[in-house]
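# Survey of secondary and tertiary structure
What follows is the residue order along each chain.
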Amino acid sequence: MSSPPPFLRRLWLNFTLKEKLGFCFGGSIFLLSLLYSYIVSQSVQNRLEAEKLIFLRQVATELVYTFSRGMFERYNDIGNLTVLDVFRQAGKDKDKRRQYLEKLQQTYQYYAWIGFATTDGIVEVATQRLLEGVDVSKRPWFQEGLKRPFVGDVHEAVLLAKKLPPLPNNEPWRFLDIAFPVYNHNGQLIGVLAAHLSWEWVKEVNNSLLLHLPPAQGFEIIILNREGVVILHTAKTSPQEVLPQASLSSLLNDSRFFTFSRQDTGYYDYPGLGWHILVRQPKQTALQPAFQLQREIILWGLLLASLFSFLGWWIAHSITQPLLSIAQQAHRLLQGERQIPLITFPLPPHSTPRNEILLLSLSLRDLVNNLIQQEKLLQNLNQQLEEKVRERTKKLEEAKEIAEKASKAKSVFLASMSHEFRTPLNAILGFTQILLDNNNLDDDARENLKIILNSGEHLLSLINEVLEISKIESGKIELRENSFSLSDLIYSLKSMLQIKATEKNLQLIFNVADNLPRYIIADEGKLRQVLLNLISNSLKFTQSGSITVTAKLEGENRLYFAVSDTGRGMKPEELQRLFTPFFQTQSGIESKQGTGLGLVISRQFVRMMGGDIRVTSEFNRGTTFEFTIQFTPAQSSPEKTFPLTEKIIGLPPNTPPHRILIVDDEDNNRLLLKKLLQPLGFPLQEATNGKEALEKWKNWQPTLVFMDIGMPELDGCQATRLIRQQDTRHTTTIIAVTAHAFMEEREKILAAGCDDIISKPFVKEILFEKIKQLLQLEYLYESTPPLSPSSQPPTPTHQTPISASPTILVAEDNKVNQKLILTLLTKLGIAAEIANNGKEAIHKATTKPYSLILMDIEMPEIDGITAIKEIRRLLPPNSLPPIIAMTAHDDTTTRQICQETAIQDYLCKPIRQATLKSLLEKWLHHYRFP
C-alpha cells in the first residue's frame, strides 16, 4: 500500500493530539450517522413498501369481492325471474309482468331499466314503460341473451339515455347489461329478460371505499375491461381525460406508483366480466415517512458530530494536560533544573478509578442492557400481535366452516349412504367374479352366477343414478373433457345395442352425416351416457318398427343428435312432466324398469355441454329426442389402454417379493381382496382400522397397502398422512379403496398421500392393472407357456422302487396353498402328507421315508432353511430324499441361499400345474405320470 503524500504527513504531524482526537471523533460520528441514516431509511422504506403492497392488495381484493358479489346478486335476481310462471307462460297479463319488474327495480336503486323482449326483439314490458314497443333486436344484450345467460361490459346508453334524466356534470349514461333467455314449460325460447345497471353503482362503490382512505395519501383506483381499456380512473374527472394508450401492462409497470391488480373472475355461477381492478399510490407520497426519517437522522448526526468533536477535544485536553505538565518537568530536568517538584497523581486507597475508559465501558454496559430490554419488549409486542392475528384467522376459519357446513351436510349424507349401499355390493360382485373363474362350474350354475352378477350390476346402476342426480343438485359434478374419436363412440354404441334390437326384431338405423369431425374434444363419458340412455329407452318402449339415430354437424363446433322411434309415444300431460325427477310415463310404469332419473340426468349433462334437449311425441305414433352440444375440434385422439381380461394365474419366477397389507373394517371386503391376491402368491396381512394399519406398517413394512377410506377410530386419509410422515422415501405404495359416490373427492384423497384410487365395487381387471402399473409387475396368464428348470437333475441319493407310488411331504403353513398343492398332486396321482410348520416337517421327515419333500421357505416356529439343515444332519445321505424349496421369491439372494443349503431345486409361487409336473418328472423319473 502506497504511503500518503509528504505534505499530508507534515500536516498531520503538525496537528496536536487534541486536534487529532477531535477530528477523528467528529468525522467518525458524522460518517456513521450518514451510514446509519441510509440503512435505517432503506429498512423503513422496504417495510413501508411491503405494508403498502399488502394494503393495496386488501383494497383490490375488497373491490373485486364487492363488485363480484353485487353483480352476482343482480345476476341471480334476473335469473330467478325467468323461472316464474308469469314469464314462462304465454298470454300472461303484461301489467302483472311489469309489476314484477318494477318491484325488483325498487329493491335496488341502480336498476336503471328492466324489461322483457320477445324473440323478435320487441320490448313487451319494461319498468316505467320505458322502451316498450321499441325494437332492440340489434342490441348485443338481446342477441347474446337469446343464446345463454349474458353479462355485458360497460357501455354508453343509446336508446335508454334519451328517456332518462341527465346525470350531474352532464356525464353520459353508462350501463352494465344482464340478460337471460326465457323458456316456456315446453323448453321453447319465448324471449329475453334483461336489466341495465347504472354505471353510477360502480362509481358509488369506489367513492365509498375512497372515503375510508386518507385523501392526502393519493390513492387511485383504476378499472380496465377485458380488452385492457381503462373504464374508470378515480384521479380523472371524466372518462375523456383517460389517455387512450393506457393499458394494463403500462399501468402495472409504472415505476412512479405502488400498484396491485386483481381480476374479476366471477362469483359462484356468475361468470364475471374479466375486469382488472388496480389500486395504486404514488411512491413519493407512500415513502414520505422514510424520507423524513432519513433527514432527521442526518440532522441529528450533524449535531452529534459537533458534540463529539467538542467531547474529543475535551478528552484530549484532559489526557494531554497532565502529560504536558510531565513533559515540561522532564524538559526542565534536561535543562539542569533539579529543584522543581515532581508532579504525581496519587490514588486514594480503596477507591475506584473514575477515568474516561471506565465511564465509557459503564455507559456501554448500560446502553447494551437498555437495548436488550427494548428488544425483549419488542418481541413481546410482536408475539402479542401474532397472537391477535392467529385469533382473527381462527375466527375467520370458524365463520367459513359454519358457512360451508350447510352445503356440506348433503354431500356428507350422500357419501355415507353411498358407502352403505356400495360396500355390500362390493362383496356380491367381487365373490361372484371369483366363482365365475372356476372352470368346473356346470352351465346352469354359471348361468345362475351371471344372473347374480347382472342383477348386482343393475342394482349398482340404479344406485349410481340416484347418487348422480344428488351430485348434480349439490353442484359436485363437472365436465371432464378429453380428445376422442366420435366415429368410434357411435360405432361402439351400435355394436353394443344391435344385439338387443335384433332380439326384439327391431331395425336400429344410424344416419351419420359425412361431414362429422372424426376427433373432437368434449366430455366423452357424458355424451356416451346421454346417447346410451336415449337409445336404450327407445329399445325398451318400442315393440315393432325401428329406432333411428341421427348425427350431423349443425353450425360451427356444434353437433346435432336425434333419436326417433316408432314406439308407444307419450300423452301431452306426460310430456309436461317428463323431466321431473322420479317421474315415469305409463309405459315406464308398466315396464317396471328404471328410476325416472335417466332423462333428468341426460338433460343436465347436455346443458353442461352447452346445449339443450327437446322432445316431441305422438301417442301410439312414436317419440323423437333431439339435442345439441358444443365441442372443440381435435387433430387426433390419444390411444387408450384397457385392462387385460385374460385370466391371471401367477407372477414370473424373477418377480421381487411384494408384501401387501389389506386395511378395511368390513370382513367381506378384506376376504374378497385376499381371495383375489392369494393365488398370485403375495404375502398378505390384514388390519381392521387405521390405527392397526399404522402399527402393522411399522412392524411389517409392506410394499403395497390397500387403504379403505371410511373407517372408525382413524380413517384412511388420516392413517395415510401418518404413514407418509414416516415414509420419507416413499417406499410404500398406497391405493385408496372407497365406496363414496363423489369421486370429486379424488383431490382430497390424493393430497393425503395415496398413489391411486379404486372405487367400490371394483372390477378385478382394473385392480390387477393398477397393481401392475404401480409395482411395475408382469403377470403369467393361462396362455403363458410353462417354465421348466434349466439345470439337469443329479443322480438321486434316495431311490423309490418303480412299482411303488411316490409319497411326498409338503411342508406349508398356508391353508389355501396346502389345499392347492394337494389338489394338483392328486390330479397327478401322487399321495402327499402335510406338515404345518418347520418343526413338524423335521419330525415327519426323520420318522417316515418320503420320495420327495416340498419345503416352504417361510414358516412359523422353524423356517424352511433351518428345517432342511436339520433334516440333512439327522438323516444319513443314502436315506435323504430330494428336497425342493417352495418360495415366493426368485431373486439372487434366494438362489444363493438355496445353493449354500444344497437344496436340489426350488419351485416359485404361485404354483402352476404344468411347472409342478415338469419338476416332479425331473426328480421322480422312475414314476410314470398320467
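Below, the structure is looked at part by part. What you see as residue numbers is a count from 1 along each chain, following the sequence as written. Totals for whole chains, interfaces and linings use every residue, but because this is a predicted model, local features are given only for residues with pLDDT of at least 70 and side-chain atom pairs only at 80 or more, for both listing and counting. Derived side-chain values reflect all non-hydrogen atoms in the structure, with water molecules and hydrogen atoms excluded from consideration.

### Quick look at the overall build of the protein
- Only DSSP runs of H or I with at least four residues qualify as helices, and only runs of E with at least two residues qualify as strands; both kinds are numbered from the N terminus onward. Counting its regular elements, the protein contains 26 helices and 29 strands.
- Three labels apply to residues, based on accessible area from a 1.4 Å probe with only protein chains included: buried if under 20% of the type maximum, exposed if over 50%, partly exposed otherwise in between. Buried positions account for 42% of the 930 residues belonging to the protein.
- Shrake-Rupley sampling with a 1.4 Å probe provides the accessible areas, and residues are treated as covered by the protein chains on show and by no other component. Accessible surface computed for the protein: about 51,900 Å², of which carbon and sulfur atoms make up 55%.

### Notes on a negative patch on the surface
- A contiguous patch of negative charge on the surface is contributed by D442, D443, D444 and E447.
- If you trace the backbone, E447 turns up in helix α11 (residues 443-473). Nonpolar side chains (Val, Leu, Ile, Met, Phe, Trp, Tyr) within 5 Å and like charges within 9 Å form the patches, drawn only from residues with over 30% relative accessible area and no salt bridge. Between Lys or Arg on one side and Asp or Glu on the other, a salt bridge is scored when a side-chain nitrogen of the former is within 4 Å of a carboxyl oxygen of the latter. Neither His nor the chain ends contribute to the count of charged residues, in which Lys and Arg are positive and Asp and Glu negative. Think of each charge as sitting on NZ of Lys, CZ of Arg, CG of Asp or CD of Glu.

### Things to note about the nonpolar core
- In this structure, F67, I78, L176, W201, V202 and W275 are the most contacted members of the largest nonpolar core, which totals 51 residues.
- By residue number, the principal contributor to this core is helix α2 (residues 17-81), which donates 12 residues.
- Pairs of residues are marked as contacts when any of their non-hydrogen atoms sit within 4.5 Å. Those residues in contact with W201 that sit more than four places away from it in its chain are T66, F67, G70, M71, Y108, Y110 and L176.
- Buried Ala, Val, Leu, Ile, Met, Phe, Trp, Tyr and Cys residues that are joined via side-chain atoms within 4.5 Å together make up what is termed a nonpolar core. L486, L497, M609 and I613 belong to the second-largest nonpolar core, a separate cluster that totals 37 residues.

### Quick word on the packing of helix α23 (residues 838-847) against helix α24 (residues 864-874)
- Here, axes are lines fitted to C-alpha atoms. For helices the fit covers the stretch in contact, and angles between N-to-C directions go from 0 to 180 degrees. As a packed pair, α23 and α24 sit with axes 9 Å apart at the nearest point and diverge in direction by 20 degrees. The pairing of α23 with α24 is recorded here as roughly parallel in orientation. Seen along the crossing, α23 lies across α24 with a hand that is right-handed. For the pair formed by α23 and α24, the contact residues are G838, A841, I842, A845 and T846 on the first element and A867, E870, I871 and L874 on the second. For classification, angles of less than 35 degrees are called roughly parallel, those exceeding 145 degrees roughly antiparallel, those between 65 and 115 degrees roughly perpendicular, and all remaining angles oblique. It is the rotation of the near helix from the far one that decides the hand of a crossing: anticlockwise by less than a right angle makes it left-handed, clockwise makes it right-handed.

### Describing the pairing of strand β2 (residues 123-126)
- Relative to β2, strand β1 (residues 111-118) is paired through 3 bridges, and the arrangement is antiparallel. When the sheet's bridge partners are listed, A117 is paired in β2 with V123. For two strands to count as paired, DSSP must find a minimum of two bridges between them.

### Structural notes on the environment of H185
- Along the polypeptide, H185 turns up in the loop between β4 (174-183) and β5 (189-198).
- According to the relative accessible area criterion, H185 is partly exposed, its value standing at 43%.
- The spatial distance from the C-alpha of H185 to the C-alpha of Q89 is 7.3 Å, given a sequence separation of 96 residues.
- Ignoring any residue separated from it by four or fewer positions in sequence, one finds H185 in contact with D85, R88 and Q89.

### A short note on the sheet that holds strand β10 (residues 482-485)
- Here we have 3 strands laid out as an open sheet, ordered β10-β12-β17, and antiparallel in their pairing. Two strands bound the open sheet, and with one partner strand each, they are β10 and β17 (632-633).
- Direction of pairing for strand β12 (residues 519-522) relative to β17: antiparallel, over a ladder of 2 bridges. Note that in β17 the partner of I521 across the bridge is T632.

### Digging into the packing of helix α18 (residues 690-700) against helix α19 (residues 716-726)
- One can describe the packing of α18 onto α19 by two numbers: an axis separation of 9 Å at closest approach and a directional angle of 20 degrees. It follows that α18 is roughly parallel to α19 by the angle criterion. As α18 packs across α19, the resulting crossing turns out to be right-handed. Residues G690, L694, W697 and K698 of α18 lie in contact with α19, whose contacting residues are A719, L722, I723 and Q726.
- Taken together, the residues of the contact of α18 with α19 sort by class into 5 nonpolar, 2 polar and 1 charged. Three categories are distinguished: nonpolar for Ala, Val, Leu, Ile, Met, Phe, Trp, Tyr, Cys and Pro, charged for Asp, Glu, Lys and Arg, and polar for the others, with Gly belonging to the last.

### Focus: the sheet that holds β4
- One open sheet holds the 5 strands; their spatial order is β2-β1-β5-β4-β3, and the pairing between them is antiparallel. Whereas interior strands pair on both sides, the edge strands pair on one side only; in this sheet they are β2 and β3 (150-156). On average, each strand axis in the sheet is tilted by 25 degrees relative to the strand beside it, whichever way the strands run.
- Against the sheet, helix α4 (residues 94-106) engages β1, β2 and β5, with an angle of about 150 degrees to β1.

### Focus: the environment of E626
- By the secondary structure assignment, E626 is in strand β16 (residues 622-630).
- Along the primary structure E626 and A562 are separated by 64 residues, whereas in three dimensions their C-alpha atoms are 4.3 Å apart.
- For this analysis, a polar contact is any N or O atom pair within 3.5 Å, provided that within protein one partner can donate a hydrogen and the other can accept it, and provided that sequence-adjacent residues contribute only side-chain to side-chain pairs. A distance of 2.4 Å separates the side chain of E626 from the side chain of Y560, its partner in a polar contact.

### Looking at the side chain of S538
- Looking at where S538 falls in the secondary structure, it is placed in helix α13 (residues 524-541).
- Residue class for S538 comes out buried when judged on its relative accessible area of 2%.
- When residues no more than four places from it in sequence are discounted, the contact partners of S538 are I547, V563 and D565.

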